[in-house]
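Analysis of the macromolecular model
These are the residues of each chain, in order.
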Amino acid sequence: GAVVSQHPSRVICKSGTSVKIECRSLDFQATTMFWYRQFPKQSLMLMATSNEGSKATYEQGVEKDKFLINHASLTLSTLTVTSAHPEDSSFYICSAIIAGELFFGEGSRLTVL
Amino acid sequence: QKEVEQDPGPLSVPEGAIVSLNCTYSNSAFQYFMWYRQYSRKGPELLMYTYSSGNKEDGRFTAQVDKSSKYISLFIRDSQPSDSATYLCAMSARAPTGGGNKLTFGTGTQLKVEL
């Protein structure tokens, strides 16, 4: 079964609204989670590293005020896309380090109309 | 120049064929190399993980690393229709499970194994 779960798997929203995506490590604690974005036919691009109890570390070019990351517990990290625009439409994937291994979630497809 | 180059394909082969997937990289700091399989609309799953140059075999899959040429390969023997997916190479300078590290991915090669 899945070790890392993402929700929702698919979301459609209107331009200007905010969307929250959850990443959960099932039955295991994950002190570090990563958020990636994948555009069609492109590679996964790391957006930020999320550490439980501290501020996320964002990659260069990623707006931290637009992509809010919260890692409030050892099993949950959330990514909120604020004031979403059509260019934010993408596949968002989280991953977590659990027991020394890296596991990926199933991904969340965001479509902004 | 991208740090990691990977032919996006698509690559179509008949069932039973040997598949060769490749990536080249420019950053000599990369020491850890991984291959992931990603089915459509799903997250990547780890297939192979190698550190040193040479070959590593796991069932029908063989990963090959040539650090001198900055070239890595994944071979799939006796390919099956269920192998149809996108295969992404990934690499990092430090152990990928280290909290402060990040993976650099190739664009992925789309593979289709036909009956």
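Above this note sits the structure.
Residues numbered from 1 in each chain as written. Chains lettered and ligands numbered in written order. Predicted model: local features only at pLDDT ≥ 70, side-chain atom pairs only at ≥ 80, totals over all residues. Heavy atoms only, no water.

**Description of the overall build of chain A**
Assigned secondary structure in chain A consists of zero helices and 11 strands. Overall, chain A shows an N-to-C arrangement of helices and strands of β-β-β-β-β-β-β-β-β-β-β. For 113 residues, the compact-globule estimate of 2.2 N^0.38 gives 13 Å, and the C-alpha radius of gyration of chain A, at 13 Å, lies within 12% of that figure. Dimensions of chain A along its principal axes, counting C-alpha atoms only, are 40 × 30 × 25 Å. Each of the 113 residues in chain A was classed as buried or not, and the buried ones make up 49%. Here the contacts in chain A between residues at least 6 apart in sequence split such that 52% fall between residues at least 24 apart. For chain A, the exposed area adds up to about 5700 Å²; of that, 51% sits on carbon and sulfur atoms. Side chains of chain A carry 10 positive and 10 negative charges; the gap between the two charge centres is 7 Å. (Helix = DSSP H or I, 4+ residues; strand = E, 2+ residues; numbered from the N terminus. Rg over C-alpha atoms; globule rule 2.2 N^0.38 Å. Buried < 20%, exposed > 50% of the residue type's maximum accessible area, 1.4 Å probe, protein only. Contact = heavy atoms within 4.5 Å. Areas by Shrake-Rupley, 256 points an atom, 1.4 Å probe, with all protein chains shown as cover. Lys, Arg positive; Asp, Glu negative; His and termini not counted. Charge placed at Lys NZ, Arg CZ, Asp CG, Glu CD.)

**Observations regarding the pattern of salt bridges**
This model, assessed by the stated rule, comprises six salt bridges over all chains. Lys66(A) serves as the salt-bridge partner of Asp88(A), at 2.9 Å between the closest nitrogen and oxygen. Residue Asp88(A) is found in the loop between strand S8 (76–81) and strand S9 (90–98), and its partner Lys66(A) is found in the loop between strand S6 (57–58) and strand S7 (67–73); the two are separated by 22 residues along the sequence. Of the residues examined, Asp88(A) reaches a relative accessible area of 5% and is grouped as buried. With a shortest N-O distance of 3.4 Å, Arg77(B) and Glu57(B) are connected by a salt bridge. (Salt bridge = Lys/Arg side-chain N within 4 Å of Asp/Glu carboxyl O.)

**Some points on the nonpolar core**
Within the largest apolar cluster, 25 residues are counted, with the highest numbers of intra-cluster contacts made by Val4(A), Trp35(A), Phe67(A), Tyr92(A) and Leu110(A). In terms of residues, this core owes the most to one element, S9(A), which gives four residues. With near-sequence residues (within four places) excluded, Phe67(A) lies in contact with Arg37(A), Met47(A), Tyr58(A), Val62(A), Leu79(A), Thr80(A), Val81(A), Asp88(A) and Tyr92(A). Among the nonpolar cores identified, the runner-up in size contains 24 residues, and Ala17(B), Val19(B), Leu47(B) and Phe61(B) belong to it. (Core = buried A, V, L, I, M, F, W, Y, C linked by side-chain atoms within 4.5 Å.)

**Re the interface of chain A and chain B**
Taken residue by residue, the interface counts 22 residues in chain A and 18 residues in chain B. Taking both sides of the interface into account, the surface hidden between chain A and chain B amounts to around 1600 Å²; carbon and sulfur atoms contribute 55%. Taken together, the connections running from chain A to chain B amount to one salt bridge. Here Glu106(A) makes a salt bridge to Lys42(B), at a shortest N to O gap of 3.2 Å. Our count for the contact surface shared by chain A and chain B stands at three residue pairs in polar contact (both at pLDDT 80 or more). Listed by contribution, the elements that provide at least two residues to the side of chain A that touches chain B are strand S4 (32–38), strand S5 (45–51), S9 and strand S10 (101–104) of chain A. In terms of residue count, the dominant contributor to the side of chain A that touches chain B is S4(A) (four residues). Among the residues forming the side of chain A that touches chain B, the class breakdown is nine nonpolar, seven polar and six charged. (Buried area = accessible area lost by both parts, 1.4 Å probe. Polar contact = N/O pair within 3.5 Å; in protein donor to acceptor, adjacent residues only side chain to side chain. Nonpolar A, V, L, I, M, F, W, Y, C, P; charged D, E, K, R; others polar.)

**A look at the side chain of Ser95(A)**
Take Ser95(A): it is sitting in strand S9. Beyond its immediate sequence surroundings of up to four residues, Ser95(A) is in contact with Thr32(A), Met33(A), Phe34(A), Tyr36(A), Leu102(A), Phe103(A) and Phe104(A).

**Notes on the sheet that holds S7(A)**
Residue and element names in this part refer to chain A. In spatial order, the strands read S1-S3-S8-S7; together these four strands make up an open sheet with antiparallel pairing. A single partner strand is all that each edge strand has here, and the edge strands are strand S1 (4–7) and S7. Averaged over all adjacent pairs, the angle separating strand axes in this sheet is 15°, with direction ignored. Where S1 and strand S3 (residues 19–25) come together, four bridges link them in antiparallel fashion. Each bridged residue has a counterpart across the sheet, and for His7 the counterpart in S3 is Glu22. (Pairing = 2+ DSSP bridges. Axes fitted to C-alpha atoms, helices over the stretch in contact; angles between N-to-C directions.)

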